[in-house]
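The lines below spell out each chain.
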Amino acid sequence: MSTISNSEAIAAWAAMPTDAIEAYDDQGDFPKRHLMNGNLLRMLGPVDGRRVLDAGSGEGYLSRLLAERGAEVVGVEPAAALLARSQKIEQDRRQGIRFVQADLSTLPEVGQPFDAVVCSMVLLAIPAWQSAMAACVGALKPGGRFVFSITHPAFENLYPTWRDHGHCQLDRYLDEYEMPEGHAPDFHRPLSAYINEVIGLGCRVIELCEPGLDPQVARDSGIEAIESYVALPNFLIISAERDR
Ligand SMILES: C[S@@+](CC[C@H](N)C(=O)[O-])C[C@H]1O[C@@H](n2cnc3c(N)ncnc32)[C@H](O)[C@@H]1O
């Protein structure tokens, strides 16, 4: 179980250093560029002319990718520093994205219903994740698409343990617990928790994507131990459709 509240988790995200926030590029970062974005966009389906909610929009790179593809985007982000960065870039670029400050688990009216909701690397950051997932599904039109990503619960320690031991190590899978690494805590939950919850919310699971890094991209990157991302999936992306 979670030992901290949503507000405490959000406060940790809000304290993220400015240089870390500004380090995001137009595709996010290396793993997002090479493993995540193409799959998220493919699994969302065509977004041109569609209304899309970016649930937990962070500094907003994914909202901007969606707006570039013709979507009408609302980004919801509770952490002030990240929200401010997304709003500043929107002021400069004027893509028509509306960024709103809110906790997903108590989502206010932000223009529901949407054609699609994307929630990338967010549910694992939320103590009260079930109500956040329910808000994502509840924000959809009947038949709307819900795409979410998490760190793959079976391979969360992939990079550091592969680098130090040459293979991935995991010693606790079935429990729920806080993982303190990074700017703010993430939470480990077994895969069945997420899948059963989305099914229980009346969704039909369409696809589970376990992306692997292109071996040539890995070689060209020169990053130590990056072959771990070729061999094992560090991320899991799930697409589902709300009941019609
Ligand atoms: C790993 S970041 C991902 C951000 C963005 N989706 C991306 O892919 O760049 C996790 C995000 O979840 C947000 N978050 C944490 N708690 C939240 C909550 N209760 N409701 C909505 N977002 C939350 C954090 O503020 C942070 O922006």
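Fair warning: this is a prediction, and the values are worked out from it, not measured in the lab.

Q: Would you mind going over the UniProt feature "domain: Methyltransferase type" (unreviewed entry) in the protein with me for this structure?
A: Here, UniProt's "domain: Methyltransferase type" (unreviewed entry) annotation points to residues 53–148. Within the segment residues 53–148, helix and strand shares are 33% and 28% respectively, and the terminal C-alpha atoms sit 12 Å apart.

Q: I tried to follow the nonpolar core on my own but got confused; where do I start?
A: In a soluble, globular protein the nonpolar side chains are often hidden away together inside. Core analysis: the biggest nonpolar cluster contains 68 residues, and Leu53, Leu66, Leu104, Val117, Cys119, Phe146 and Phe148 have the highest contact counts within it. Grouped together as the second largest cluster of nonpolar side chains are five residues, Met16, Ala20, Ile21 and Ala79 included.

Q: In this structure, what is going on with the site of the ligand? I would like to understand it.
A: Close to the ligand lie 19 residues; Gly56, Glu77, Asp103, Leu104 and Ser120 are nearest. In the model, an oxygen atom of the ligand is placed 3.0 Å from a nitrogen or oxygen of the Lys32 side chain. Taking Ser120, its main chain carries an N or O atom lying 2.8 Å from a nitrogen atom of the ligand. Computed on the free molecule, the ligand has an accessible area of 600 Å², of which 96% lies beneath the protein chains in the complex. A total of three residues in the shell around the ligand trace back to one element, the largest contributor, which is helix α1 (residues 6–14). For the shell around the ligand, a count of residues per class yields eleven nonpolar, five polar and three charged.

Q: Got a minute to help me understand empty space enclosed by the protein in this structure?
A: The method is simple in principle: a probe with the dimensions of a water molecule rolls over the atoms, and the space it marks as empty is what remains. In the structure shown here, the tally under the stated rule is one cavity of 30 Å³ or more. Counted as a void, the largest cavity has a volume near 30 Å³. Taken together, Leu124, Ile150, Thr151, Pro153, Glu156, Phe187, Arg189 and Tyr194 make up the lining of the largest cavity. Here the residues of the lining of the largest cavity are counted per class, giving five nonpolar, one polar and two charged.

Q: In this structure, what is going on with the pairing of strand β4 (residues 114–120)? I would like to understand it.
A: The buried fraction of β4 amounts to six of the seven residues, a majority that puts the element mostly inside the structure. Relative to β4, strand β1 (residues 51–55) runs parallel, the two being bridged by three bridges. The partner of Leu53 across the bridge, within β4, is Val117. Across six bridges, β4 lies against strand β5 (residues 140–151) in parallel orientation. When the sheet's bridge partners are listed, Val117 is paired in β5 with Phe146.

Basis of the calculations
Residues numbered from 1 in each chain as written. Predicted model: local features only at pLDDT ≥ 70, side-chain atom pairs only at ≥ 80, totals over all residues. Heavy atoms only, no water. UniProt positions renumbered as here; feature names shortened; annotations may be inferred. Helix = DSSP H or I, 4+ residues; strand = E, 2+ residues; numbered from the N terminus. Core = buried A, V, L, I, M, F, W, Y, C linked by side-chain atoms within 4.5 Å. Buried < 20%, exposed > 50% of the residue type's maximum accessible area, 1.4 Å probe, protein only. Near = heavy atom within 4 Å. Polar contact = N/O pair within 3.5 Å; in protein donor to acceptor, adjacent residues only side chain to side chain. Areas by Shrake-Rupley, 256 points an atom, 1.4 Å probe, with all protein chains shown as cover. Nonpolar A, V, L, I, M, F, W, Y, C, P; charged D, E, K, R; others polar. 1 Å grid on protein atoms, 1.4 Å probe; cavity = no way out; pocket = protein on both sides within 12 Å on 5 of 7 lines; lining within 4 Å. Points joined across faces, edges and corners; volume = space filled by probe spheres on them. Pairing = 2+ DSSP bridges.

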